[in-house]
Amino acid sequence: MSHDDEPQRYRAGQTALLATVNEVEPVVGRWRRRFDSSASAGVPAHVTVLFPFLDNDRITDTVVGDLRSLIGARRSFAVRFGECRRFPDVLYLAPVPDQPFRALTEEIAKRWPEAPPYEGQFTEVIPHLTVAHGQPPRIYDEVEAALADQLPTTATISSISLFVSDGHRWERHMEFPMLGQRPVPGTSNRPTHKP
C-alpha cells in the first residue's frame, strides 16, 4: 500500500491487492506496529501488487474470475529480503527478485486501466515491504541497525490477497492462489517442488 497513506485517508470500500509475507512478520512486526500505520489498521507485512484496486462495489463475480485466472496462471516464487532501503519518507525491505511483483502489477493494471498503481502518482512502481514511514531519519537509522542482524530472510509468494477497507481497518476479503505453470519473469523456470 502507499507508503504515505495514513489510516484516516482510507475510504470505506477501498481495496488493495497484496502479497502478504508471513515469514517476515517476526522480523519486522514490532517495528511496523510502531512506525507503519497500515499495521495498526490490520494490514500484515506485505508487498503491494496494486493499490488502490477497484472499489469493493465493483468486485463482481467476473472481476473475481479474472483475478483468479490471471493470478492462478502464475507460479509461486521465492523471494529474499536482504537489505533495507529508503524512499524519502519510508524505510523498507527490498525484495529480490522484484520482477515477479512488477510483472503482476503491470498485468493487473493493464487488465484494469482504471486502477493504475498508486493512482498514477509514480512513474515507476518499486516493489517494497514497508517497515516504517513518516518518521525522522534517526528512527530509520535505529530500525535499520536493529534489522541488520536479522537479515536476510526469505519467503515464498504463493498467493495474492484482496484486502478491503471499512474506512478504518483492513480485512482480507479473498485469496488468489498462484497455481499455474507459467513462470513469472525474473524467476527460475525450474519447478518449485519435485512431482
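The model shown is predicted, which means the values in this text are computed figures rather than measured ones.

Quick look at the packing of aromatic side chains now. Tallied over the full model, the rule gives six aromatic pairs. On the numbers, 4.4 Å between centres and 25° between planes, the contact of Phe87 with Tyr92 is stacked. Given a relative accessible area of 5%, Tyr92 falls into the buried group. Directly above the ring of Trp112 sits Arg111, whose terminal nitrogen or CZ lies 4.4 Å from the centroid.

On to the nonpolar core, then. Residues Phe53, Leu93 and Leu147 are the most contacted members of the largest nonpolar core, which totals 45 residues. Broken down by element, the residue count for this core peaks at five residues, all from helix α3 (residues 61-72). When near neighbours in sequence (up to four residues on either side) are disregarded, Leu147 contacts Val27, Val28, Trp31, Cys84, Leu93 and Val131. Listed in part, the nine residues of the second largest apolar core include Tyr10, Ala16, Ala41 and Trp170.

Another aspect to go through is the side chain of Thr15. Within the secondary structure, Thr15 sits in strand β1 (residues 12-20). A relative accessible area of 0% means that Thr15 is categorised as buried. Separated by 2.5 Å, the side chain of Thr15 and the backbone oxygen of Leu54 make a polar contact. Look past the residues within four positions of Thr15 in its chain and what remains in contact with it is Phe51, Pro52, Phe53, Leu54, Asp55, Asn56, Ile59, Leu162, Phe163, Val164 and Trp170.

We now examine the packing of helix α1 (residues 25-35) against helix α5 (residues 137-148). One way to put it is that α1 packs onto α5 with a least axis distance of 10 Å and a crossing angle of 165°. Taken together, the axes of α1 and α5 lie roughly antiparallel to each other. Where α1 crosses over α5, the two elements pack in a sense that is right-handed. Residues Val27, Val28, Trp31, Arg34 and Phe35 of α1 pack against Ile139, Glu142, Val143, Ala146 and Leu147 of α5. Among the residues making up the contact of α1 with α5, the classes are represented as eight nonpolar, no polar and two charged.

With respect to the secondary-structure elements, Glu83 resides in strand β3 (residues 77-87). With relative accessibility at 38%, the residue Glu83 sits in the partly exposed group. Expressed as a C-alpha distance, the spacing of Glu83 and Val96, which sit 13 residues apart in the sequence, is 9.7 Å. At 2.8 Å, the side chain of Glu83 and the side chain of Arg85 are in polar contact.

Reading guide: rules and limits
Residues numbered from 1 in each chain as written. Predicted model: local features only at pLDDT ≥ 70, side-chain atom pairs only at ≥ 80, totals over all residues. Heavy atoms only, no water. Phe/Tyr/Trp six-rings, centres within 6.5 Å; stacked < 30°, edge-to-face > 60°. Buried < 20%, exposed > 50% of the residue type's maximum accessible area, 1.4 Å probe, protein only. Lys NZ or Arg CZ within 6 Å of the ring centre and 35° of its normal. Core = buried A, V, L, I, M, F, W, Y, C linked by side-chain atoms within 4.5 Å. Helix = DSSP H or I, 4+ residues; strand = E, 2+ residues; numbered from the N terminus. Contact = heavy atoms within 4.5 Å. Polar contact = N/O pair within 3.5 Å; in protein donor to acceptor, adjacent residues only side chain to side chain. Axes fitted to C-alpha atoms, helices over the stretch in contact; angles between N-to-C directions. Parallel < 35°, antiparallel > 145°, perpendicular 65-115°, else oblique. Left-handed = near helix turned anticlockwise from the far one by under 90°. Nonpolar A, V, L, I, M, F, W, Y, C, P; charged D, E, K, R; others polar.

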